[in-house]
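The lines below spell out each chain.
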Amino acid sequence: MVGYGNNFPQRVHHRGSSIVSIKANPSFVSCRGGYDTWFSSKKSDPNLLTGALVGGPDAYDDFADERDNYEQTEPATYNNAPLIGILARLSGRGGYNQLLPGIAIIILTLCPFLFTLLVIM
């Protein structure tokens, strides 16, 4: 997770974090210019993407913190979604019972056989 701990990813595969802020450098940066100047830079990201969850280490627990290593350094929603779901559940807000009616409707809509069994019982 970017920005947390002492050893977090420094070169995230993300245009917004790897190109200098317009406040620091107001000159125009083209797509090609951003790639040539910033993407290939070995320096840490000029903009910290705090909280971004990147791909992480490989099967051998190795992590290559390089911008072109998109498999390990690219932040994406599919990385974050399971964690956010678990954290939301653990937060205790909303509660489990609020989900049951919606889940029941989906299950009964998709499974007419279950609906028939419930009606018979």
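Predicted model, so just to flag it, every value in this text is computed and none were measured. Residues take numbers from 1 onward in each chain, read along the sequence in its written order. Only residues with pLDDT of at least 70 are given local features in this predicted model, and only at 80 or more are side-chain atom pairs given and counted; all residues enter the totals for whole chains, interfaces and linings. Side-chain descriptors were evaluated using all non-hydrogen atoms of the structure, hydrogens and water having been removed beforehand.

**Thoughts on the overall build of the protein chain**
Helix and strand assignments follow DSSP, with helices taken as H or I runs no shorter than four residues and strands as E runs no shorter than two, numbered in order from the N terminus. When helices and strands are tallied, the protein chain shows six helices and zero strands. Each helix (α) and strand (β) of the protein chain, taken in turn from the N terminus, gives the series α-α-α-α-α-α. Think of it in three bands: residues with accessible area under 20% of the maximum for their type are buried, residues over 50% are exposed, and the middle band is partly exposed, with areas taken using a 1.4 Å probe on protein chains only. Within the protein chain, the proportion of its 121 residues that are buried is 18%. Sequence-distant contacts, at least 24 apart, represent 60% of the contacts inside the protein chain between residues at least 6 apart. Here the accessible surface of atoms and residues is derived via Shrake-Rupley with a 1.4 Å probe, and residues count as covered only by protein chains that are part of the display. Only carbon and sulfur atoms are counted for the fraction: they give 63% of the accessible area of the protein chain, which is about 9,200 Å². We call two residues in contact whenever any of their non-hydrogen atoms come within 4.5 Å of each other.

**As for the pattern of salt bridges**
In the sections that follow, a salt bridge refers to a side-chain nitrogen of Lys or Arg positioned within 4 Å of a carboxyl oxygen of Asp or Glu. For the coordinates displayed, the defined rule picks out two salt bridges. With its nearest N and O atoms 3.2 Å apart, the salt bridge here joins Arg 11 to Asp 65. Separated by 54 residues along the polypeptide, Arg 11 in the segment before α1 (15-18) and Asp 65 in the loop between α2 (31-39) and α3 (70-73) bring together distant segments of the chain. Classification of Asp 65 as buried rests on a relative accessible area of 19%.

**Notes on the environment of Gln 10**
Within the element layout of this structure, Gln 10 appears in the segment before α1. Its relative accessible area of 25% is what places Gln 10 among the partly exposed residues. As a C-alpha pair, Gln 10 and Asp 45 span 35 residues in sequence and 6.0 Å in three-dimensional space. Those residues in contact with Gln 10, other than ones at most four positions away along the chain, are Ser 44, Asp 45 and Asp 65. One polar contact links Gln 10 to Ser 44, side chain to side chain, over a distance of 3.4 Å. Here a polar contact is recorded for every N or O atom pair within 3.5 Å, except that within protein the pair must consist of a potential hydrogen donor and a potential acceptor, and residues adjacent in sequence are included only if both atoms are side-chain atoms.

**Some remarks on the side chain of Asn 69**
Within the secondary structure, Asn 69 is located in the loop between α2 and α3. Only 2.5 Å separates the side chain of Asn 69 from the side chain of Gln 72, close enough to count as a polar contact.

**A closer look at the side chain of Thr 73**
Note on placement: Thr 73 falls in helix α3. A distance of 3.2 Å separates the side chain of Thr 73 from the backbone oxygen of Glu 66, its partner in a polar contact. Once residues within four sequence positions are removed from consideration, Thr 73 is found in contact with Arg 11, Val 12, His 13, Val 54, Phe 63, Ala 64, Asp 65, Glu 66 and Arg 67.

**Quick look at unusual backbone geometry**
Phi is mostly negative for residues that are not glycine, and the peptide bonds are mostly trans. Unusually for a residue other than glycine, Asp 61 sits at a positive phi of about 65°. Looking at where Asp 61 falls in the secondary structure, it is placed in the loop between α2 and α3. Judged by its relative accessible area of 62%, Asp 61 is exposed.

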